[in-house]
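Now for the letters of each chain:
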Amino acid sequence: MKIKLLCIGTRMPAWVEAAVKEYQKRIPQKFKVEIVEIPLGIQGGKVTVQAAHLAKKKEGQALLKSLDPRSHVVALEVTGKSLSTLQLAQRLGQLHDESTDLNLLVGGPDGLAEECLAVASEHWSLSALTFPHPIVRVILAEQIYRAWSILSGHPYHRE
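In this report, the structure presented in the accompanying data block is examined. In this text the structure is predicted, and so the values were computed from the model without any measurement.

**Digging into the overall build of the protein chain**
Link 1 in the chain: Secondary structure summary: the protein chain contains five helices and five strands in total.
Link 2 in the chain: The N-to-C order of helical and strand elements in the protein chain reads β-α-β-α-β-α-β-α-β-α.
Link 3 in the chain: Rg of the C-alpha trace for the protein chain: 16 Å, near the compact-globule value of 15 Å for 159 residues, within the 12% margin.
Link 4 in the chain: Projected onto the principal axes, the alpha-carbon positions of the protein chain cover approximately 50 × 30 × 25 Å.
Link 5 in the chain: Classification of the 159 residues of the protein chain by burial places 43% in the buried group.
Link 6 in the chain: Here the protein chain has roughly 8800 Å² of accessible surface; of this, 54% comes from carbon and sulfur atoms.

So this is what it looks like as structure tokens:
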């Protein structure tokens, strides 16, 4: 099973890169995690509502081009379904057992474009809290590692 995190934003701080690489190193090939970075649609300065809308649309088009057409697509958004760690592990286990690859869509500062939300089979929420996008990558990498540890009986997760 290949898990692709399709993320808006590039040039992450070194600590983010290091944390994500650490979890990628720990996760076995059967849950391979790949990060695909997509540049922001607009950068810096004052942003008008119209410019932000166009940027989100541009980001959405780039995300859609990066999707694997045979994969299961999940949009990450605040209004999505909240999963516990055990539920996430069970869902990833199901997808793994079905030999289905997973694409997780992580939007930019203004969220995901409507086209991305429409193509997603599921919508998940990491939290009702708002996280900076660099931290979302670390959270996802850690939770995928934790899910693998639960499914394989590894002692990392304690409940």
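**Brief notes about the nonpolar core**
Link 1 in the chain: Of all hydrophobic cores here, the largest spans 29 residues; its most connected members are I3, L5, F31, L92, L102, L104 and I144.
Link 2 in the chain: Top element by residues in this core is helix α5 (residues 133-152). It accounts for eight residues.
Link 3 in the chain: Those residues within four positions of L5 in sequence are excluded, and the remaining contacts are V33, E34, I35, V36, L104, L140 and I144.
Link 4 in the chain: Ranked by size, the runner-up nonpolar core spans 14 residues in total, among them I8, V36, L63 and L112.

**Digging into the sheet that holds strand β5 (residues 122-125)**
Link 1 in the chain: With parallel pairing, the five strands of this open sheet are ordered in space as β2-β1-β4-β3-β5. Strands with a single pairing partner mark the edges of an open sheet, and in this sheet they are β2 (32-38) and β5. This sheet shows a mean twist of 30 degrees between the axes of neighbouring strands, independent of strand direction.

**Remarks on the pattern of salt bridges**
Link 1 in the chain: For the coordinates displayed, the defined rule picks out seven salt bridges.
Link 2 in the chain: R137 is the partner of E37 in a salt bridge, and the nearest nitrogen-oxygen pair spans 2.6 Å. Of the two residues, E37 is situated in strand β2 and R137 in helix α5; the sequence distance between them amounts to 100 residues.
Link 3 in the chain: Given the relative accessible area of 33%, E37 is considered partly exposed.
Link 4 in the chain: When the shortest N-O distance is used, the salt bridge between K57 and E115 registers 2.9 Å. Note that K57 is positioned in helix α2 (residues 49-66) and E115 in helix α4 (residues 114-119), a separation of 58 residues in sequence.
Link 5 in the chain: Assessed through its relative accessible area of 35%, K57 is described here as partly exposed.
Link 6 in the chain: Of the residues examined, E115 reaches a relative accessible area of 34% and is grouped as partly exposed.

Calculation rules
Residues numbered from 1 in each chain as written. Predicted model: local features only at pLDDT ≥ 70, side-chain atom pairs only at ≥ 80, totals over all residues. Heavy atoms only, no water. Helix = DSSP H or I, 4+ residues; strand = E, 2+ residues; numbered from the N terminus. Rg over C-alpha atoms; globule rule 2.2 N^0.38 Å. Buried < 20%, exposed > 50% of the residue type's maximum accessible area, 1.4 Å probe, protein only. Areas by Shrake-Rupley, 256 points an atom, 1.4 Å probe, with all protein chains shown as cover. Core = buried A, V, L, I, M, F, W, Y, C linked by side-chain atoms within 4.5 Å. Contact = heavy atoms within 4.5 Å. Pairing = 2+ DSSP bridges. Axes fitted to C-alpha atoms, helices over the stretch in contact; angles between N-to-C directions. Salt bridge = Lys/Arg side-chain N within 4 Å of Asp/Glu carboxyl O.

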